[in-house]
Amino acid sequence: YNLNLRSQKSQKNNYYIFNRHMDLMKNSEIMILEILNSSDISKKINSMSQLIDSNDEKVLNKIISLFDDDDIQIRGEVFSVLCLNHNDISEILIDALSSKSNNIKAFCSLLLANRNDENAIRSIINLTNDSSSTVRSSSIGALGYLRASNAEKEIRSGIFDSNLEVKKSAAHAL
């Protein structure tokens, strides 16, 4: 009976520790999101550098949204953090290709290429006809980097694009 009582106390203690840990994690996520929403560039950069191996979808989507930040340092840090992330975040990055933001679409296509994510090729091909020349140029460059032989038609059509940067990307991708 005494052993059973100790076991119950131990289970209650473990349950308390687990719940406390979950509360701390939730508070930590809220703090991170608040910092990433702030206007303090150095705080954003410091907090992102600690998130290199995050697999929290909310946090990753917030980081991706910072591709629209006005500060180039922030955008560069976002690219680095996501490129160096060792978790399988492909699905999140591929989903971001359907964003309304041209920056997010362009940077995510390049990011997926830098991560050698061949699963993203079909989604990147869809961006070669985007209304934004930046997105078209980036997607063609990404396909070239991935050596996507199934995108040869889209890459070749980039040679005839009205935008010079898209033409350059297509020529380089071939």
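In the block above lies the structure referred to throughout.
Residues numbered from 1 in each chain as written. Predicted model: local features only at pLDDT ≥ 70, side-chain atom pairs only at ≥ 80, totals over all residues. Heavy atoms only, no water.

For the rest of this paragraph, the subject is the pattern of salt bridges. Evaluated as defined, the whole model comprises four salt bridges. Residue D130 pairs with K105 through a salt bridge whose shortest N-O separation is 2.8 Å. Residue D130 is found in the loop between helix 7 (121-126) and helix 8 (133-145), and its partner K105 is found in helix 6 (residues 102-114); the two are separated by 25 residues along the sequence. Note on accessibility: D130 and K105 belong to one class, buried. With a closest N to O distance of 2.8 Å, R136 and D161 form a salt bridge. Here the residue R136 occupies a position in helix 8, and D161 occupies one in the loop between helix 9 (152-157) and helix 10 (164-173), the gap between them amounting to 25 residues. (Salt bridge = Lys/Arg side-chain N within 4 Å of Asp/Glu carboxyl O. Helix = DSSP H or I, 4+ residues; strand = E, 2+ residues; numbered from the N terminus. Buried < 20%, exposed > 50% of the residue type's maximum accessible area, 1.4 Å probe, protein only.)

Below, the discussion takes up the environment of A120. Within the fold, A120 resides in the loop between helix 6 and helix 7. Put simply, A120 and S90 are 30 residues apart on the chain and 7.7 Å apart in space, counted from C-alpha to C-alpha. In this view, A120 contacts I94 and L112; residues no more than four positions away in its chain are not counted. (Contact = heavy atoms within 4.5 Å.)

This next bit is on the packing of aromatic side chains. By the definition in use, this model includes one aromatic pair. Each ring, one from F67 and one from F107, has its centre 4.7 Å from the other, and the planes form 15 degrees; the classification is stacked. One end of the pair, F67, is in the loop between helix 3 (57-65) and helix 4 (72-84); the other, F107, is in helix 6, with 40 residues separating them in the sequence. For F67, a relative accessible area of 0% gives the class buried. The exposure class of F107 is partly exposed, given its relative accessible area of 24%. (Phe/Tyr/Trp six-rings, centres within 6.5 Å; stacked < 30°, edge-to-face > 60°.)

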